[in-house]
Amino acid sequence: MSDRIFFRGIVLFGRHGLFEEEERLGQRFEIDLDCQVDLSRPGRSDHFGDTIDYGRVYETVRAIVEDERFKLIEALAERIADSLLASFEQLEAVRVEIRKPSAPIPGVFETVGIEIHRDRKRP
């Protein structure tokens, strides 16, 4: 299956990281999502009830990033993937990419981040 719903460049403010300053001050996180789902039914029916509500996907991600706290962006990504797969039964798999452009790493870089792929087959 190659159908997908995707989000590019979600920008949210969160308080994730190892350091106290990251929790206290917070920072910007950039997120890309690929939601693998069969879009043939909504493509034929043109009916909103046959597809995934993009607004609910966004709100799920927003609530996790803004309301929860993780030391590692790996754990944040895992939580997002788990929540999306649990909330949207049509989803076959999800790819979550999180970038942390203001990561407290000595050096010059544009961004640092991680990417995970999760599907229903994975335990």
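First, a word on what this report is: a plain description of the structure on this page. (Residues numbered from 1 in each chain as written. Predicted model: local features only at pLDDT ≥ 70, side-chain atom pairs only at ≥ 80, totals over all residues. Heavy atoms only, no water.)

Let us now look at the nonpolar core. With 29 residues, the main nonpolar core has Ile31, Leu33, Ile80, Leu84, Val96 and Ile98 as its most contacted residues. Mapped onto this core, the elements with two or more residues apiece are strand 1 (4–14), strand 2 (27–36), helix 3 (54–67), helix 4 (73–87), strand 3 (93–99) and strand 4 (113–119). When residues of this core are assigned to their parent elements, the largest contribution, seven residues, is made by helix 4. Each residue touching Leu33, except ones within four places of it in the same chain, is listed here: Ile5, Phe6, Phe7, Arg8, Ile10, Val57, Val61, Ile80, Leu84, Arg95 and Val96. (Core = buried A, V, L, I, M, F, W, Y, C linked by side-chain atoms within 4.5 Å. Buried < 20%, exposed > 50% of the residue type's maximum accessible area, 1.4 Å probe, protein only. Helix = DSSP H or I, 4+ residues; strand = E, 2+ residues; numbered from the N terminus. Contact = heavy atoms within 4.5 Å.)

To continue, consider helix 3. Its 14 residues give helix 3 an end-to-end C-alpha distance of 20 Å, which sits within 8% of 20 Å, the value for a rise of 1.5 Å per residue. The set of residues buried in helix 3 consists of Val57, Thr60, Val61, Ile64 and Val65. Seen from one end, helix 3 has its buried residues packed into an arc of 120°, which puts them on one side. Where helix 3 is buried, its residues contact strand 1, strand 2 and helix 4. For helix 3, the N-terminal cap is Asp53; the gap from its side-chain oxygen to the backbone nitrogen of Gly55 is 2.9 Å. (Expected span 1.5 Å × (residues − 1). Arc of directions from axis to C-beta. Polar contact = N/O pair within 3.5 Å; in protein donor to acceptor, adjacent residues only side chain to side chain.)

Time to look at a nonpolar patch on the surface. Together, Leu18, Phe19 and Leu72 line one region of the surface with nonpolar side chains, adding up to about 300 Å² of accessible area. With respect to the secondary-structure elements, Leu72 resides in the loop between helix 3 and helix 4. On the basis of relative accessibility, which here comes to 43%, the residue Leu72 falls in the partly exposed class. (Patch = residues over 30% accessible without salt bridge, like charges linked within 9 Å, V, L, I, M, F, W, Y side chains within 5 Å. Areas by Shrake-Rupley, 256 points an atom, 1.4 Å probe, with all protein chains shown as cover. Salt bridge = Lys/Arg side-chain N within 4 Å of Asp/Glu carboxyl O.)

One non-glycine residue with positive phi stands out, namely Asp46, at about 60°. Assignment of secondary structure puts Asp46 in the loop between helix 2 (40–45) and helix 3. Assessed through its relative accessible area of 73%, Asp46 is described here as exposed.

Taken together, the four strands give an open sheet; going across it, the order is 1-2-3-4, and neighbouring strands pair in antiparallel fashion. Of all strands in the sheet, those bounded by a partner on one side alone are strand 1 and strand 4. The average angle at which neighbouring strand axes cross in this sheet is 15°, direction not considered. Contacting strand 1 and strand 2, helix 3 crosses the sheet at an angle of about 30° to strand 1. (Pairing = 2+ DSSP bridges. Axes fitted to C-alpha atoms, helices over the stretch in contact; angles between N-to-C directions.)

Just distances and angles here, no functional claims.
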